[in-house]
Amino acid sequence: MPTPRFFIDAPTDAFQLGGRFELPPKTARHAGRSLRLAAGEIVELFNGTGAAWSGPVGFSDASAWVELEHRTDRTAESPLAITLLQSLVAPEKADWIVEKAVEAGISEIIFMPAERSVTKLAGERLEKRLARLTDIARSAAEQCGRNVVPLVRAVPSLEAGFKTVSGDVKFVLAPGADASAASSMLPGLLSVAFAVGPEGGFSAREIELAAAHGWRPQLLGPRVLRTETAGLAAAIWAQTLVGDLPRAC
């Protein structure tokens, strides 16, 4: 059984080897009631900075803690930094996209409005959604062994997304586009960005706008992918070509 892992929103100096770290109430309940861990089982804590601390968990009637015995600085991060610029979609699809993006090794997930986005978010509603999506990213990092939690944020407009996102290569995914851009994915590439449209895809005007800001229209294959599939497929494609997934010889 994999070592249970918990994201803890605390500064690095709060984790002192040889000391006892008191688990937050929600995490303590999850460890004791949901996972049914027994006192003495080894668990791992991480705070998103790249390090992790492990030791036996303990319980009392009112609290739970971990005796910090070891620190590791292993990383499950890809040498390729991948940014996903995702158009706003329905909440359940956004949840799935963030979870799978973390598992695929994506470094940053940025949501933006698009002409055909059915979901419209701003102000307090947007902040609440981003908070939930950040929680999902943290849980996904717990599960997949990443000690770094990808940033989840939003930009106010499509143009802001196309203009501000950086990458050595930037692709806007579009049916009917060129499928030969794999030649841009050369060994040694350090960063790549993918823009994914909403359920109805990007409009022709939006693709032109992307191109004006240095994004290359790209077709991943002969089949039309759903918005919640396209970013994941793009990440796996990039990770296989120049990232940390094995490539067939």
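Rules and cut-offs
- Residues numbered from 1 in each chain as written.
- Predicted model: local features only at pLDDT ≥ 70, side-chain atom pairs only at ≥ 80, totals over all residues.
- Heavy atoms only, no water.
- UniProt positions renumbered as here; feature names shortened; annotations may be inferred.
- Salt bridge = Lys/Arg side-chain N within 4 Å of Asp/Glu carboxyl O.
- Helix = DSSP H or I, 4+ residues; strand = E, 2+ residues; numbered from the N terminus.
- Buried < 20%, exposed > 50% of the residue type's maximum accessible area, 1.4 Å probe, protein only.
- Phe/Tyr/Trp six-rings, centres within 6.5 Å; stacked < 30°, edge-to-face > 60°.

The name given to the protein in an unreviewed UniProt entry is Ribosomal RNA small subunit methyltransferase E, with the source organism recorded as Sutterella wadsworthensis HGA0223. The Catalytic activity (unreviewed entry) field of the UniProt record for the protein holds the comment "uridine(1498) in 16S rRNA + S-adenosyl-L-methionine = N(3)-methyluridine(1498) in 16S rRNA + S-adenosyl-L-homocysteine + H(+)". Reading the Subcellular location (unreviewed entry) entry of the UniProt record for the protein gives the comment "Cytoplasm".

**Digging into the pattern of salt bridges**
On inspection of all chains with the given rule, the structure shows 15 salt bridges. Glu115 serves as the salt-bridge partner of Arg205, at 2.7 Å between the closest nitrogen and oxygen. A residue pair is termed long-range when its members are at least 10 positions apart, and Arg205 in helix H5 (residues 204–212) and Glu115 in the loop between strand E8 (108–112) and helix H3 (123–144) qualify at 90 residues. Note on Glu115: relative accessible area 42%, which makes it partly exposed. Between Asp135 and Arg138 there is a salt bridge, with its nearest N and O atoms 3.9 Å apart. Residue Asp135 and its partner Arg138 are both found in helix H3; the two are separated by three residues, about one turn of the helix. A relative accessible area of 40% places Asp135 in the partly exposed class. Through salt bridges that share partners, Asp9, Asp135 and Arg138 make up one connected network.

**Brief notes about the packing of aromatic side chains**
Tallied over the entire structure, the rule returns eight aromatic pairs. An angle of 10 degrees between the planes, with centres 4.3 Å apart, marks the rings of Phe15 and Trp53 as stacked. Pair noted here: Phe15 is in the loop between strand E1 (5–7) and strand E2 (20–22) and Trp53 is in strand E4 (residues 52–59), with a separation of 38 residues, a long-range link. The exposure class assigned to Phe15 is buried, which follows from its relative accessible area of 5%. Using a relative accessible area of 2% as the deciding quantity, one classes Trp53 as buried. A network of ring pairs unites the aromatic residues Phe15, Phe21 and Trp53 as a single cluster.

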